[in-house]
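Summary of the model geometry
The lines below spell out each chain.
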Amino acid sequence: MQKSYGRTLWACYLGFVTQAIAANFAPLLFLTFHYEFQISLGKIALISSVFFITQLIVDYLCVHFADKIGYRRCVVGSQLFSAIGLIGLAFLPVLLPDPFTGILLSTMICATGSGLTEVLCSPIVEACPFEHKEAAMSLLHSFYCWGSVAVILLSTLFFTTVGIEHWQWLSCLWAVIPLINIYNFAVCPIEQPVENGKEMPVAKLFKTSFFWLAVVLMVCSGASELAMSQWASAYTESALGFTKSVGDIAGPCLFAVMMGISRVIYGKYGEKLDLTKVMMGSGILCLFCYLLASLSRLPVFGLIGCILCGFSVGIMWPGTISLSAGRLPAGGTAMFAFLAMAGDLGGALGPGMIGVVTQQSDNNLQRGMLAGTIFPLILVITLILLNQLRVKESKKVKV
C-alpha cells in the first residue's frame, strides 16, 4: 500500500520545493528591480509583505473552500498558480505600464500557490497510510529547506555565469518544476485526512486547549525561524564584512542546510524518539542560539549561533503539525489551515520586530536579535505547558 502512495509523497516533496522557489526567488532580485525599473527601496520592501498577507488570506479561505472544491483540484491549482506567477514575474513588469504593479501581481499569484501548498500538502501526507507519519512529515518539510538552498545557490551561479540581466529566463526555468508537478498531483492517489461530515466543527476546535497551545507554538516557530533566516545575511555582512554573495551562502543558505539536516535526521530516526522531548530540547537550543548571536562579542560565535539556529528550529513547524494531527485527528482542513495561518503570522511578526528594534537601537542588529529571544522563550514555556497537559490527560485516562 505504501508503494502506491510513493508518487503522492514525491508530488508533495516537489510542492514544497515549489513553495521555496516562490518565497525565495524574488527577494534575490530586489536590488535588480530597484536599478532596472527605478523602483524605490521603500516600495520594494512591500513585496515581502504582500506575499505573506496574500498567503495568510489564502490560508484562511482554505478553511471554507478546500473540502468543497476537493483536495486534488486545489493542490493542482497550487502548482498552476506558482508557475503562472513565476512566468508572470518575467513578463508582466515589462508588459504593464507600471513595472511595480506587474511585480506585485506576480507576487500575489505566487503567494496564492504557496498558500495552497502550505495548507494542503501536510494533510495529504498525513492521510497517506504510512506507519511513521511524524517522520514522513519531518522529511516532507525538509524539502522546503533543500528548495531554498537550491534557489540561492543555483540562482547565484546563474547570475554569475549567464548574467543577472537575464534573470527573466531563470524565472521561467524555475516555473518548469511546478508545471511538471501538475501532472504528479493530477494522477497520484489523494485521500482526505478526515471523511466528509466527520470533521470537528471549528467552534469545537476553538474550545480545545491543545489547539490554542499549538497555535502559540506555530506563531513562535514561524517567528523564530524567519526572524533569524531573513536577518542572517545582513548579520553576516555587518558582523564579518563578507560580500553579499558570500553572506547569502554563509548566512541564510547554511541556516537552511542545518534546518534541512535536522528534519532529515528526525525523518530517519523519529519513530525511536519522543517528539515532545525533541521539540523541548530544540527549543532550548534555539534560545541559546539567539542569545549567542545577540550577546557574543566575537562575530564568529554570532555566526555559529545563526547557523545552529537553523538546526534548532527545523523540527518545530512539522513537529507541531504532527502533534496536532495525532492529538486532534478530526481537526481536518480547518485545523491545518489555522496552524498555517499562525505560522505565517509568526513569520511576519518575527523579522518585523527585529527590524524595528534594530532601527530604534541605532542600527544595532545584535540588540534586535536579543529582542527576538522572546519567541524561543515563549516556545519553550508553551512546550512545558503542553507536556503538563499531556501528563494530566494521561492520569485521567488511567483513573
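Placed above this text is the structure.
Residues numbered from 1 in each chain as written. Predicted model: local features only at pLDDT ≥ 70, side-chain atom pairs only at ≥ 80, totals over all residues. Heavy atoms only, no water.

As a further point, take the overall build of the protein. Secondary structure summary: the protein contains 17 helices and zero strands in total. Dimensions along the principal axes, computed over C-alpha positions, put the protein at roughly 65 × 50 × 35 Å. When the 399 residues of the protein are sorted by exposure, 55% land in the buried category. Restricting the contact set of the protein to residue pairs at least 6 apart, pairs at least 24 apart contribute 83%. With the model as given, the accessible surface of the protein reaches about 17400 Å², and the carbon-plus-sulfur share is 68%. The distance from the centre of the 23 positive side-chain charges to the centre of the 20 negative ones in the protein is 10 Å. (Helix = DSSP H or I, 4+ residues; strand = E, 2+ residues; numbered from the N terminus. Buried < 20%, exposed > 50% of the residue type's maximum accessible area, 1.4 Å probe, protein only. Contact = heavy atoms within 4.5 Å. Areas by Shrake-Rupley, 256 points an atom, 1.4 Å probe, with all protein chains shown as cover. Lys, Arg positive; Asp, Glu negative; His and termini not counted. Charge placed at Lys NZ, Arg CZ, Asp CG, Glu CD.)

This part covers the packing of aromatic side chains. With the rule as written, the count across this model stands at 12 aromatic pairs. Centre to centre, the rings of Phe33 and Phe37 are 6.3 Å apart; their planes meet at 35 degrees, and the pair counts as tilted. One end of the pair, Phe33, and the other, Phe37, are both in helix H2 (residues 30-37), four residues apart, so they sit about a helical turn from each other. Given the relative accessible area of 14%, Phe37 is considered buried. (Phe/Tyr/Trp six-rings, centres within 6.5 Å; stacked < 30°, edge-to-face > 60°.)

What follows is about the nonpolar core. Generally speaking, soluble globular proteins have nonpolar side chains that are buried together. Grouped together as the largest cluster of nonpolar side chains are 93 residues, with contacts concentrated most on Phe25, Phe33, Ile47, Leu120, Phe185 and Met279. The element best represented in this core is helix H5 (residues 99-127), accounting for 11 residues. (Core = buried A, V, L, I, M, F, W, Y, C linked by side-chain atoms within 4.5 Å.)

This next bit is on a nonpolar patch on the surface. Residues Val216, Ile374, Leu377, Ile378, Ile381 and Leu385 make up a contiguous nonpolar surface patch of roughly 430 Å² in combined accessible area. With five residues, the top contributor of residues to the nonpolar patch is helix H17 (residues 374-398). Looking at the element boundaries, Val216 is found in helix H10 (residues 209-240). Taking relative accessible area as the criterion, Val216 reaches 32% and is therefore assigned partly exposed. (Patch = residues over 30% accessible without salt bridge, like charges linked within 9 Å, V, L, I, M, F, W, Y side chains within 5 Å. Salt bridge = Lys/Arg side-chain N within 4 Å of Asp/Glu carboxyl O.)

Counted according to the given criterion, the structure contains one salt bridge. With a shortest N-O distance of 3.9 Å, Glu225 and Arg263 are connected by a salt bridge. In this pair, Glu225 sits in helix H10 while Arg263 sits in helix H11 (residues 244-269), placing the two residues 38 residues apart along the sequence.

Turning our eyes to something else, we now look at unusual backbone geometry. At Gln38, a position not held by glycine, the phi torsion is positive, near 55 degrees. Secondary-structure assignment places Gln38 in the loop between H2 and helix H3 (41-69). Under the relative-accessibility criterion, Gln38 is labelled exposed at 63%.

The contact between helix H12 (residues 275-295) and helix H14 (residues 316-327) brings their axes to 11 Å, and the two run at 150 degrees. With respect to H14, the element H12 is oriented roughly antiparallel. Classified by chirality, the crossing of H14 by H12 is left-handed. Facing Leu275, Thr276, Met279, Ser282 and Gly283 of H12, the residues of H14 in contact are Met316, Gly319, Thr320, Ser322 and Leu323. (Axes fitted to C-alpha atoms, helices over the stretch in contact; angles between N-to-C directions. Parallel < 35°, antiparallel > 145°, perpendicular 65-115°, else oblique. Left-handed = near helix turned anticlockwise from the far one by under 90°.)

Let us look at the environment of Ile304. Within the secondary structure, Ile304 sits in helix H13 (residues 299-313). Linking Ile304 and Pro318, residues 14 residues apart in sequence, is a C-alpha distance of 24 Å.

To continue, consider helix H7 (residues 167-174). Here H7 has its buried residues at Trp167, Gln168, Leu170, Ser171 and Trp174. The buried side chains of H7 occupy one side of the element, clustering within an arc of 160 degrees when seen end-on. Opposite the buried face of H7, at more than 90 degrees from it, the exposed residues are Trp169 and Leu173. Close packing links the buried residues of H7 with helix H1 (6-24), H2, helix H4 (71-95), helix H6 (133-163) and helix H8 (176-187). (Arc of directions from axis to C-beta.)

Mapped onto the elements, Thr32 comes out in helix H2. Residues contacting Thr32, with those up to four places away along its chain left out, are Phe37, Ile164 and Trp167.

One pass over the structure, following the stated rule, counts zero disulfides. Here Cys253 is not disulfide-linked; the sulfur of Cys145 is the nearest cysteine sulfur, at 11 Å. With no disulfide of its own, Cys309 has Cys286 as its nearest cysteine by sulfur position, at a separation of 4.1 Å. (Disulfide = S-S within 2.5 Å.)

Another point: H12. Residues lying three or four places apart along an α-helix face the same way, a consequence of the helix completing one turn every 3.6 residues. Here H12 contains 21 residues, and its C-alpha end-to-end distance of 30 Å stays within 8% of the 30 Å for a straight helix at 1.5 Å per residue. Within H12, the full set of buried residues consists of Leu275, Thr276, Met279, Met280, Ser282, Gly283, Cys286, Cys289, Tyr290, Leu292, Ala293 and Ser294. Where H12 starts, the residue carrying a side-chain oxygen 3.0 Å from the main-chain nitrogen of Thr276 turns out to be Asp274. (Expected span 1.5 Å × (residues − 1). Polar contact = N/O pair within 3.5 Å; in protein donor to acceptor, adjacent residues only side chain to side chain.)

With respect to the helices, strands and loops of the structure, Ser224 is situated in helix H10. Excluding its chain neighbours within four sequence positions, the residues that come into contact with Ser224 are Cys286, Tyr290, Cys309, Val313, Phe375 and Pro376.

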